Amino acid sequence: MFFGLVVPILLLSLTRPGLVRGQSSPQDAFMIQYFERRLTQLEERLNQCEQGAATMTQRFYDLTSDFRSQLSTLNVVRSEVRTQMESMSSRVDRVEGELEYLENKIPAPQNIEIEEALLEQQVLDAELEQLQKKAKLKLHNDCSTALSAVKSLKIVKKEGDTHGSWFRDPSSGSSKLYFLSGLRNDTLLEYTSVKSFTEGSSKHSPKEVKLPSYWQGTGHMVYKGFLFYHKADTPNQIVKVRLLNGTQADTMLLSGAGRLPAYSLNPNTYIDLAVDELGLWVIHADPDYAGNLVITKLDPDTLAVEHTWDTLCRSRGAEGAFLICGTLYVVYNTRYGGRSSVQCLYDIHDTIHSEESPVLFFPKRYTSHSSLHYHSQDKQLYAWDDGYQTIYKVETRRKDQI
Ligand SMILES: *[C@@H]1O[C@H](CO)[C@@H](O)[C@H](O)[C@H]1NC(C)=O
Ligand SMILES: *[C@@H]1O[C@H](CO)[C@@H](O)[C@H](O)[C@H]1NC(C)=O
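Residues numbered from 1 in each chain as written. Chains lettered and ligands numbered in written order. Predicted model: local features only at pLDDT ≥ 70, side-chain atom pairs only at ≥ 80, totals over all residues.

What follows covers the overall build of the protein chain. Within the protein chain, the secondary structure is distributed over 4 helices and 20 strands. Within the protein chain, the fraction of its 402 residues that count as buried is 29%. (Helix = DSSP H or I, 4+ residues; strand = E, 2+ residues; numbered from the N terminus. Buried ≥ 20, exposed ≤ 12 C-beta atoms within 10 Å, placed from the backbone.)

Right under this line is the structure:
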């Protein structure tokens, strides 16, 4: 800027006095022209310089402002980064706090190991218990007898109602005979023996045992001096009564029972009790299993359920069933009375199978059984056939002999 102004003025003040002084020769004119040309050239160059300087200044200015704006952006970014850093650090702090809290909550690895060991012990205990139960069943179950035929028939007497049940206690060596007439009553008769029942003399009048409640159906059974029966007006209550003095010893509810008669040909019997070489059983039909029969093993002392098996034997068309050595034999008949036959069996040990077993017919006679009770010691079936008390002798074979 400074040069651009000062230099032309200096040059002008040098050249102008020559022009004013006059006395011009052609040589002088040539010189003046020459200087004027030079001056013009210099002026042009000065102008160029001036422009260059202006451009340079402009560029410098632009650069500076650019740099300044970049600097301010940088400052903004820096402060942003700082706030982000701050929030990150506070988040890290929080996470650390949470970790610490969790670490305090989670039990130490040692504790976990102890609990696992405890759990393992419990699982082992449960398994052991199952094995012991199985072993107990196996032990009892030395019997490997299967029904091979229902043989001779003995009609003992015609006494009491059309429906009823009679049996002996299979567990004791006693010869006592129990007589429960009718589908609903609270008094049973106890005879000293089958003989005294048959003779029916006034000398051997039976002992009357009054029960604490009414029974229903014909599925009662005596075992180890106790009577077990389905309590009337309840769907599925089983009562255990001391026969010595007629007092109630225990009671239980058989889950799943009470909605369907155990056998369709005996519509009043919902719960059928049975005793075999292994112990006390209950038979009922379950609508949840297509009306098939379900057998339950009961602990006779506590009435606790030991195990339950769903069989493939139908309740439809059945009139009764009994167990021998843990195998259920289901007896079928027709509605108007016919020849009874065992057509379905279920072995809890899975050694004999229904489809491989022949149909076993009862002796040739028209029958209508309202109850069948097996006595394992004398291998007899105590049956109530249309008001007649009859006894069938059964034949057995070893399960492995086919
Ligand atoms: C109950 O049974 C007893 C003994 O068998 C009998 O004498 C009595 O008539 C029966 N009661 C009913 C209501 O059937
Ligand atoms: C019936 O017999 C049981 C067992 O022997 C006894 O505990 C109970 O007191 C007896 N009850 C009556 C009323 O005699």
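Our focus in this paragraph is the site of ligand 2. Around ligand 2, the surrounding shell consists of R242, L244, N245 and T247. Partitioned by chemical class, the residues of the shell around ligand 2 number 1 nonpolar, 2 polar and 1 charged. (Near = placed C-beta within 6 Å. Nonpolar A, V, L, I, M, F, W, Y, C, P; charged D, E, K, R; others polar.)

It is worth spelling out unusual backbone geometry at this point. If you check the backbone angles, D233 has positive phi at about 65° while not being a glycine. Here D233 is to be found in the loop between β7 (226-230) and β8 (237-242). D233 sits in the exposed class, given 9 other C-beta atoms within 10 Å. A positive phi is found at D350, a non-glycine position, where the angle reads about 60°. Position of D350 among the secondary structure elements: in the loop between β16 (341-347) and β17 (360-361). A tally of 7 C-beta atoms within 10 Å means that D350 is categorised as exposed.

Ranked by internal contacts, the top residues of the largest apolar core, which has 72 residues, are L328, Y329 and V330. For L328, the contacting residues outside a window of four places in its chain are L293, I295, T311, C313, A321, L323, L345 and Y346. (Core = buried A, V, L, I, M, F, W, Y, C linked by C-beta atoms within 7 Å. Contact = placed C-beta atoms within 7 Å.)

Another aspect to go through is the sheet that holds strand β11 (residues 279-286). If you trace the 4 strands from one edge of the open sheet to the other, you get β10-β11-β12-β13, paired in antiparallel fashion. At either margin of the open sheet sits one strand with a lone partner, and together these are β10 (272-276) and β13 (305-314). When the angles between neighbouring strand axes are averaged without regard to direction, this sheet yields 25°. As defined by bridge partners, β10 adjoins β11 across 5 bridges and the pair is classed as antiparallel. Counterpart to A274 in the pairing with β11 is W281. (Pairing = 2+ DSSP bridges. Axes fitted to C-alpha atoms, helices over the stretch in contact; angles between N-to-C directions.)

What follows covers the site of ligand 1. Every residue close to ligand 1 is listed here: S181, G182, N185, T187 and L189. For the shell around ligand 1, the residue count by class is 1 nonpolar, 4 polar and no charged.

Strand order in the open sheet formed by 4 strands is β2-β3-β4-β5, with antiparallel pairing between adjacent strands. Of all strands in the sheet, those bounded by a partner on one side alone are β2 (164-168) and β5 (207-210). Averaged over all adjacent pairs, the angle separating strand axes in this sheet is 25°, with direction ignored.

The next subject is the pairing of β16. Where burial is concerned, most of β16 is hidden: 6 out of the 7 residues are buried. In the sheet, strand β15 (residues 327-332) pairs with β16 via 6 bridges, with the strands oriented antiparallel. The partner of V331 across the bridge, within β16, is V342. Here 2 bridges tie β16 to β17, and the two strands are oriented antiparallel to one another. Residue pairing in the sheet places V342 in a bridge with L360 of β17.

A few words now on the pairing of strand β4 (residues 187-191). Pairing of strand β3 (residues 177-181) with β4, which is carried by 3 bridges, proceeds in the antiparallel orientation. Residue pairing in the sheet places L177 in a bridge with Y191 of β4. What sits between β3 and β4 in their antiparallel hairpin is a turn of 5 residues, with G182 showing a positive phi close to 90°. Where β4 and β5 come together, 4 bridges link them in antiparallel fashion. When the bridges of β5 are listed, T187 appears paired with K210.

With respect to the helices and strands, the residue I271 is situated in the loop between β9 (248-253) and β10. The spatial distance from the C-alpha of I271 to the C-alpha of Q237 is 9.0 Å, given a sequence separation of 34 residues. The contacts of I271, once residues within four sequence positions are left out, are G217, G219, H230, N236, I238, L254, A257, A262, V282 and H284.

Looking at the protein chain as a whole, the pLDDT averages 86, with 84% of positions reaching at least 70. Counted against residues more than four places away or in other chains, residues 1-20, with its pLDDT under 50, gives 11 contacts. (pLDDT = per-residue confidence, 0-100.)

This part covers the environment of V294. When you line up the elements, V294 lands in strand β12 (residues 292-298). A count of 23 C-beta atoms within 10 Å places V294 in the buried class. In the structure, V294 is positioned 37 residues away from A257 in sequence and 9.0 Å away in space, judged by C-alpha atoms.

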